[in-house]
Protein chains: 2
Amino acid sequence: MKLSTSFPIQDWYSKLQNHGYRLTETRRAVVETIANSDRVLDPNQIFAISREHCASLGLVTVYRTLAKLEQLSLIQRVHQPDGCSAYFPVVDGHQHMVICQDCGRVEYFTGDTLESLMKRVGMESGYQIHDHWLQLLGKCGFCQENSR
Amino acid sequence: MKLSTSFPIQDWYSKLQNHGYRLTETRRAVVETIANSDRVLDPNQIFAISREHCASLGLVTVYRTLAKLEQLSLIQRVHQPDGCSAYFPVVDGHQHMVICQDCGRVEYFTGDTLESLMKRVGMESGYQIHDHWLQLLGKCGFCQENSR
DNA sequence: GTGATTGCAAAGCGTTTGCACCGTA
DNA sequence: TACGGTGCAAACGCTTTGCAATCAC
């Protein structure tokens, strides 16, 4: 399984510019923080990390940048038992996630078997299925090691 | 597929009493509202509906009752794209949900194929999988009909 | 230069807490 | 009677908005 590491930041910048958004120092700091993270981050964490590279950054800018990135489908909100304000980059092909509940690390996996299941449920329930979420919660290898 | 309708309220009352909680008029109103609903409801909706049967009810009591019911695993928080503050009764056997994004109606289905998938992902990623969420989002038969 | 972007302060919103009174068991 | 439950008002934390100054293009 491929480790989720960094995403091509240049693509993020291009997409932002193609939509009329400007590349400022503060925005770069926020984008880099998220794109380079291998774990889910909430606004405050993003703020704290980004601020190390751009001292003048305000929390408000983090929120505004998150809104733009989400709108461009570069990031997605991640739902967890203790809240749903964390974010993580979107990968192509709409794969599914395993999230470490200790450190927030994320891995992706494919769920080929889901297609038939969704079709079956749609038939039996009479619902038109628009979207689906499959998410596994657990403890990653590093955190298993650390808690010994 | 079985339509999710009402849940045996007496069981809810028993469980509350067995845990040292008292049955007041306000609490009954809140419990009945949730147990009799076939769709997800947020605190304000629960408040509005329950208040019809108990005019003195305050929103604070709704929150406090929700906390107790969730702690007793009688209800669960439901996560949706536009927020995660809605609740729905828990059914035995940890089945999965299809939620109508128009009206909030819920149907349950079983996901037998998931066991092997989770085992596979656990092996390949090195994660200890503790929990999983599978949730389908769509439009129920009633809402399809109404939007014609 | 134009218009997007910024930080600050303030407003907004959903949720929780402190408290004195009330009601169940 | 004892103690859990209640509503109200206030506090709280997270998120959004108004505004004048700033900066990318």
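Refer to the structure presented above.
Residues numbered from 1 in each chain as written. Chains lettered and ligands numbered in written order. Predicted model: local features only at pLDDT ≥ 70, side-chain atom pairs only at ≥ 80, totals over all residues. Heavy atoms only, no water.

A. Region of interest: the relation of the copies chain A and chain B. With an RMSD of 0.1 Å, the fit of chain A onto chain B corresponds to turning through 180 degrees and sliding 0.0 Å along the axis. The superposition operator between the copies reduces to a two-fold rotation axis. Relative to the rotation axis, the closest C-alpha in chain A is found at leucine 134 of chain A, a distance of 2.3 Å. Most of the interface of chain A is mirrored in chain B, where 100% of its interface residues are also at the interface. (Least-squares fit on C-alpha atoms with pLDDT ≥ 70 in both. Contact = heavy atoms within 4.5 Å.)

B. Molecular detail of the protein's contact with DNA strand D. What surrounds DNA strand D is a group of 21 residues, the closest being Tyr63 of chain A together with Thr24, Thr26, Arg27 and Thr61 of chain B. When the atoms of DNA strand D within 4 Å of the protein are grouped by moiety, sugar and phosphate amount to 71% of the total. Side-chain polar atom of arginine 22 of chain A to a base nitrogen of DNA strand D: 3.0 Å apart, as the coordinates give it. Between a phosphate oxygen of DNA strand D and a main-chain N or O atom of leucine 23 of chain A, the distance comes to 3.2 Å. Secondary-structure elements contributing two or more residues to the surface near DNA strand D are helix H4 (59-71) of chain A together with helix H2 (25-35) and helix H4 (59-71) of chain B. (Near = heavy atom within 4 Å. Polar contact = N/O pair within 3.5 Å; in protein donor to acceptor, adjacent residues only side chain to side chain. Helix = DSSP H or I, 4+ residues; strand = E, 2+ residues; numbered from the N terminus.)

C. Looking closely at unusual backbone geometry. The phi torsion at serine 73 of chain A lies on the positive side, around 60 degrees, for a residue other than glycine. If you trace the backbone, serine 73 of chain A turns up in the loop between H4 and strand S1 (75-80).

D. Region of interest: the packing of aromatic side chains. Residue and element names in this part refer to chain A. Applying the stated criterion across every chain yields a total of two aromatic pairs over all chains. With a centroid separation of 6.1 Å and an interplanar angle of 45 degrees, the aromatic rings of phenylalanine 88 and tyrosine 108 are classed as tilted. One end of the pair, phenylalanine 88, is in strand S2 (residues 83-89); the other, tyrosine 108, is in strand S4 (residues 106-109), with 20 residues separating them in the sequence. Exposure class is identical for phenylalanine 88 and tyrosine 108. Each is buried. The ring of tyrosine 13 carries the charged tip of arginine 28 above its face, separated from the ring centre by 5.2 Å. (Phe/Tyr/Trp six-rings, centres within 6.5 Å; stacked < 30°, edge-to-face > 60°. Buried < 20%, exposed > 50% of the residue type's maximum accessible area, 1.4 Å probe, protein only. Lys NZ or Arg CZ within 6 Å of the ring centre and 35° of its normal.)

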